[in-house]
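Chain residues, written in single-letter form:
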Amino acid sequence: EHFFGPQMLLNRAHVVMLAEVGLLADDDAGRILSVFDDVEETGVPESVTGADFEGVHFYVESRLIDELGDELGGVLQTGRSRTDVYDAACRLVARERILDVVEAHAALRAAVLDRAAETTDVVTTGYTHSQPAQPMTLSHYLLAFDHALERDFRRLKAAFENANQNPLGAAVLGGTGFDVD
């Protein structure tokens, strides 16, 4: 459910790359992409479980082999492993989720800053160690929250940068001997 779209996107990108670097003829790439169109249109049957295909990856490969034969159907695995694809799909999903959180976070910060701008002359009590301390403005108090939110944004940015790495071509461990891009 979460990984079908990203895996198909990665499959398409891989086929295009194989054609661009000369490891796959353009017409063969087109034939493979047509099978992908059909798979995406019809979806993956509910029977595709670990017991049947070990997930979408092997289902797509079986469809390619059924429709295009062993040689062309198996070319999708050139220069990559299913682990690469799974890791890349996980990263794509994580990136999207992080961006959703960043969007909500930006809206929260904007609301806090707007409210702080509206309350520069609203006096309230500041507290230290849960005890009333000195007078302060509500604006000053709200800006402390924005400061914490700014720190959280830096953490989200770091999480995005970590997720935004491409494991394709690692071929599980030692890389690939194919000249992939």
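Okay, so let's go over this structure. Bear in mind that the values here come from a model prediction, so they are computed numbers and not experimental data.

**Observations concerning the overall build of the chain**
In terms of helices and strands, the chain carries six helices and two strands. Scanning the chain from its N terminus toward the C terminus, one meets helices and strands in the order α-α-α-α-α-β-β-α. Judged by the C-alpha coordinates and their principal axes, the chain covers about 80 × 35 × 30 Å. Put simply, the chain shows about 11200 Å² of open surface, and 53% of that area lies on carbon and sulfur atoms. Averaging the coordinates of the 14 positive side-chain charges in the chain and doing the same for the 31 negative ones gives two points 10 Å apart.

**As for the pattern of salt bridges**
Counted according to the given criterion, the structure contains ten salt bridges. A salt bridge links Arg12 to Glu40; the nearest nitrogen and oxygen atoms lie 2.7 Å apart. Residue Arg12 is found in helix 1 (residues 4–20), and its partner Glu40 is found in helix 2 (residues 26–42); the two are separated by 28 residues along the sequence. With a relative accessible area of 34%, Glu40 lands in the partly exposed category. The partner of Arg151 in a salt bridge is Asp152, and the shortest N-O contact between them spans 3.8 Å. Residues joined in a network through salt bridges with shared partners are Arg12, Asp37 and Glu40.

**A closer look at the packing of aromatic side chains**
Under the definition given, this model contains two aromatic pairs. Taking the centre distance of 5.6 Å and the plane angle of 55 degrees together, the rings of Phe3 and Tyr86 count as tilted. Taken together, the residues span a long stretch of sequence, with Phe3 in the segment before helix 1 and Tyr86 in helix 5 (residues 82–118) at a distance of 83 residues. For Tyr86, a relative accessible area of 42% puts it in the partly exposed group.

**Considerations on the packing of helix 1 against helix 2**
Contact geometry for helix 1 and helix 2: axes closest at 9 Å, N-to-C directions at 170 degrees. The orientation of helix 1 relative to helix 2 falls into the category roughly antiparallel. On helix 2, the residues touching Phe4, Met8, Asn11, Arg12, Val15 and Ala19 of helix 1 are Asp26, Ala29, Ile32, Leu33, Phe36, Asp37, Val39 and Glu40. Across the contact of helix 1 with helix 2, the residue classes tally to nine nonpolar, one polar and four charged.

**Topic: the packing of helix 1 against helix 5**
With their axes 9 Å apart at the nearest point, helix 1 and helix 5 run at an angle of 120 degrees to one another. As the angle between them shows, helix 1 and helix 5 are arranged oblique. Crossing geometry of helix 1 relative to helix 5 is assigned as right-handed. Across the interface between the two elements, Pro6, Gln7, Leu9 and Leu10 from helix 1 touch Val85, Ala88, Ala89, Leu92 and Val93 from helix 5.

**Observations regarding helix 2**
Between its first and last C-alpha atoms helix 2 spans 24 Å; for 17 residues at 1.5 Å apiece the expected length is 24 Å, and the two agree. The inward-facing, buried residues of helix 2 abut helix 1, helix 3 (56–68) and helix 4 (70–73). Looking at the residues trailing helix 2, positive phi occurs at Gly43, about 80 degrees.

**Regarding unusual backbone geometry**
Backbone phi values are negative for most residues with the exception of glycine, while trans is the configuration of most peptide bonds. Positive phi, close to 50 degrees, is recorded for His129, a residue that is not glycine. By secondary structure assignment, the location of His129 is in the loop between strand 1 (123–128) and strand 2 (131–137). According to the relative accessible area criterion, His129 is exposed, its value standing at 77%.

**Some points on the pairing of strand 1**
Pairing analysis gives five bridges linking strand 1 to strand 2, with the strands arranged antiparallel. Across the sheet, the residue bridging to Thr128 is Gln131, located in strand 2. Taking the residues between adjacent antiparallel strands as the criterion, strand 1 and strand 2 are bridged by two residues, where His129 takes a positive phi near 50 degrees.

Cut-offs applied
Residues numbered from 1 in each chain as written. Predicted model: local features only at pLDDT ≥ 70, side-chain atom pairs only at ≥ 80, totals over all residues. Heavy atoms only, no water. Helix = DSSP H or I, 4+ residues; strand = E, 2+ residues; numbered from the N terminus. Areas by Shrake-Rupley, 256 points an atom, 1.4 Å probe, with all protein chains shown as cover. Lys, Arg positive; Asp, Glu negative; His and termini not counted. Charge placed at Lys NZ, Arg CZ, Asp CG, Glu CD. Salt bridge = Lys/Arg side-chain N within 4 Å of Asp/Glu carboxyl O. Buried < 20%, exposed > 50% of the residue type's maximum accessible area, 1.4 Å probe, protein only. Phe/Tyr/Trp six-rings, centres within 6.5 Å; stacked < 30°, edge-to-face > 60°. Axes fitted to C-alpha atoms, helices over the stretch in contact; angles between N-to-C directions. Parallel < 35°, antiparallel > 145°, perpendicular 65-115°, else oblique. Contact = heavy atoms within 4.5 Å. Nonpolar A, V, L, I, M, F, W, Y, C, P; charged D, E, K, R; others polar. Left-handed = near helix turned anticlockwise from the far one by under 90°. Expected span 1.5 Å × (residues − 1). Pairing = 2+ DSSP bridges.

Any functional reading would require information that these geometric values do not contain.
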